[in-house]
Amino acid sequence: MKTLSAIVLAVGLGVVALTGCGGGSAPASSSGTSSQEADPGGANEGSTDQTVAEACATASAAGAEAQTLQADMQEDLTAGNFAAIAETMGAYKGTLEDTANEIGNPEVKSAVSDLATAFGDFGAIFEGVPDGDMTALTDKVAEVTAVSEDIAAAGQALIDACS
């Protein structure tokens, strides 16, 4: 049961970060930072004059999907449908990567990219775990804990950037 609680908490932390960061007030000094200054090579695909508030609003848009994802993941977890969790988390990683590519602010972009990586790592935990095999999942408590910490850290970085 500890494993299930940790899993639900991990995803919940990422969801809170994404949904809680949208368009909040950004410090005036941060809003002038452009991705052009931080990324002179132009590798950043987001707008070069994007404010922190705009970047956070873009990140928050991915939060609506995260809320649905969390509810679906909890159902799949309860049902022991681990293959579906791995697939869903992999797809959501792609969504977050796409979102990060739309963000021009380097701090917000980094936090969203870190969340994408963490959600991908989270989904990878379930790969190869036979559906319904709670014992196999219990053996992955250390991995769940580590990824939960990564999600929490990336979520907190996003919250900090957007507050």
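The model shown is predicted, which means the values in this text are computed figures rather than measured ones. (Residues numbered from 1 in each chain as written. Predicted model: local features only at pLDDT ≥ 70, side-chain atom pairs only at ≥ 80, totals over all residues. Heavy atoms only, no water.)

Engineer: Looking at this structure, I do not really get the packing of helix α5 (residues 82-102) against helix α6 (residues 106-126). What am I missing?
Structural biologist: Packed helices, taken two at a time, are described by the angle their axes make and the gap between the axes. As a packed pair, α5 and α6 sit with axes 8 Å apart at the nearest point and diverge in direction by 165°. By the angle between their axes, α5 is roughly antiparallel relative to α6. Considering how the two elements wind past one another, α5 and α6 form a crossing that is left-handed. Residues F82, I85, A86, M89, Y92, K93, L96, E97, T99, A100 and N101 of α5 touch α6, and the partners they reach there are K109, V112, S113, L115, A116, F119, G120, F122, G123 and F126. Its residues placed into classes, the contact of α5 with α6 shows 13 nonpolar, 5 polar and 3 charged. (Axes fitted to C-alpha atoms, helices over the stretch in contact; angles between N-to-C directions. Helix = DSSP H or I, 4+ residues; strand = E, 2+ residues; numbered from the N terminus. Parallel < 35°, antiparallel > 145°, perpendicular 65-115°, else oblique. Left-handed = near helix turned anticlockwise from the far one by under 90°. Contact = heavy atoms within 4.5 Å. Nonpolar A, V, L, I, M, F, W, Y, C, P; charged D, E, K, R; others polar.)

Engineer: Explain the pattern of salt bridges here, please?
Structural biologist: All chains considered together, the criterion is met by 1 salt bridge. Note that K93 is salt-bridged to E97, the shortest N-O span being 3.8 Å. You can see K93 and its partner E97 sitting in helix α5, 4 residues apart, about one turn around the helix. The partly exposed category is assigned to K93, whose relative accessible area is 29%. (Salt bridge = Lys/Arg side-chain N within 4 Å of Asp/Glu carboxyl O. Buried < 20%, exposed > 50% of the residue type's maximum accessible area, 1.4 Å probe, protein only.)

Engineer: Whenever I open this one, the nonpolar core confuses me. Can you help?
Structural biologist: Here is a general trend for soluble globular proteins: nonpolar side chains tend to be buried in one another's company. Residues L96, V108, V112, F126 and L158 are the most contacted members of the largest nonpolar core, which totals 37 residues. Every element with two or more residues in this core is listed here: α4 (52-79), α5, α6, α7 (134-138) and α8 (141-162). At 10 residues, the largest contribution of residues to this core is made by α6. Every residue in contact with V112, bar those within four places of it in the chain, is listed here: A59, L96, T99, A100, I103 and L158. (Core = buried A, V, L, I, M, F, W, Y, C linked by side-chain atoms within 4.5 Å.)

Engineer: Could you clarify how one ought to interpret α4 in this entry?
Structural biologist: Turn by turn, an α-helix covers 3.6 residues, leaving residues three or four places apart pointing in a common direction. The terminal C-alpha atoms of α4 lie 40 Å apart, and with 28 residues this matches the ideal 40 Å at 1.5 Å per residue to within 8%. For α4, the principal kink sits at E65 and spans about 30°. In the stretch just after α4, G80 is the one whose phi turns positive, near 75°. (Expected span 1.5 Å × (residues − 1). Bend = angle between axes of the 7 residues up to and from the residue.)

Engineer: What is the right way to look at the packing of aromatic side chains in this model?
Structural biologist: Between two aromatic rings, the relevant description is the distance of the centres plus the angle of the planes. What the rule picks out here adds up to 3 aromatic pairs. Judged by centre distance (5.5 Å) and plane angle (65°), the ring pair of F122 and F126 falls under edge-to-face. Of the two residues, F122 and F126 are both situated in helix α6; the distance of 4 residues between them amounts to about one turn of the helix. Linked through ring pairs, F82, F122 and F126 together constitute an aromatic cluster. (Phe/Tyr/Trp six-rings, centres within 6.5 Å; stacked < 30°, edge-to-face > 60°.)

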